[in-house]
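For reference, the chains in residue letters:
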Amino acid sequence: MAITQLSAFLENTPGTLYQAVSTISDAGVNLRALSVADTSDFGILRVIVSDTEKTKAALSDVAVCTETKVIAAKMSDEAGALKKILAIIQETGVNIEYVYAFTSAVAGNAYVVLRVNDVESAEEVLAKAGIATLSDEDLEGLL
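Position numbers for residues start from 1 in each chain and track the written sequence from start to end. Local features in this predicted model are restricted to residues of pLDDT 70 or higher, and side-chain atom pairs are both shown and tallied only at a pLDDT of 80 or more, whereas totals for entire chains, interfaces and linings draw on every residue. Computation of side-chain values covers all heavy atoms of the structure but excludes hydrogens and water.

What about the nonpolar core?
Threshold: Only buried residues count toward a nonpolar core, which is a set of Ala, Val, Leu, Ile, Met, Phe, Trp, Tyr and Cys residues joined through side-chain atoms within 4.5 Å. Per-residue accessibility, obtained with a 1.4 Å probe over protein chains only, is compared with the maximum for each type, and a residue is labelled buried under 20%, exposed over 50%, and partly exposed between these values. Each helix corresponds to a stretch of at least 4 residues labelled H or I by DSSP, and each strand to a stretch of at least 2 residues labelled E; elements are numbered beginning at the N terminus. The contact criterion used is simple: two residues touch if any of their non-hydrogen atoms lie within 4.5 Å.
Ile71, Ala73, Ile85, Leu114, Val116 and Leu126 are the most contacted members of the largest nonpolar core, which has 18 residues in total. For this core, the secondary structure elements donating two or more residues are strand S4 (64-76), helix H3 (81-90), strand S6 (109-116) and helix H4 (119-128). Beyond its immediate sequence surroundings of up to four residues, Ile71 is in contact with Val112, Val113, Leu114, Val116, Val119, Ala122, Glu123, Leu126 and Thr133. Val70, Tyr98, Phe102 and Leu139 belong to the second largest nonpolar core, which has 12 residues in total.

Here's what the structure looks like:
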């Protein structure tokens, strides 16, 4: 049930993020979630989008893109919700490499995107704890 995240490697220069986001937008793709990590020389644009293939094709001229399977875990949009999810995963010994979150159009719902070193184990322990995770298909009607 993991979802597909695209990572685009961009130069850390003025206008580069705008160019990448404009390219995605001009292709008619909806950004569901976005995160940017940077260093002095480059940045990594991580996106969850409405159309992965269209996004990869659109960005092919401006960035190198890779696909990564990540977990999007549903949580309440309230204090302590993320702590609960992290505690469940921590008990398994699965390493969390990075996280970012997004809210839903449904009031009271939010999602945390987790890049982990063992997607299958993390999804299994979350499911046992009653935490729902999304698939790429689930994203269609979510936002």
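Continuing now.
Here's the deal with the side chain of Ser35
Structurally, Ser35 is set in strand S2 (residues 31-38). Taking the relative accessible area as the measure of exposure, Ser35 reaches 17% and is therefore buried. Ignoring anything within four residues of it in the chain, the contact list for Ser35 reads Ile44, Leu45, Arg46 and Tyr100.

A look at the domain arrangement of the protein
Let me state the cut-off plainly: An automatic or database domain assignment supplies the start and end points of every domain. Here the quantity called buried area is the accessible surface, traced with a 1.4 Å probe, that two parts lose on coming together, added over both. Here, a salt bridge means any Lys or Arg side-chain nitrogen found within 4 Å of an Asp or Glu carboxyl oxygen.
What the domain assignment lists for the protein is domain 1 (2-68) and domain 2 (71-141). Each of domain 1 and domain 2 was reduced to a C-alpha centroid, and the two centroids are 22 Å apart. Domain 1 puts 12 residues into the contact, and the matching count from domain 2 is 13 residues. Summed over both sides, the interface of domain 1 with domain 2 buries roughly 1100 Å², with 56% coming from carbon and sulfur. Its largest share of buried area at the contact with domain 2, domain 1 owes to Ala2, Ile3 and Arg32, together 47% of the area lost on that side. On the surface where domain 1 and domain 2 come into contact, there are 0 salt bridges.

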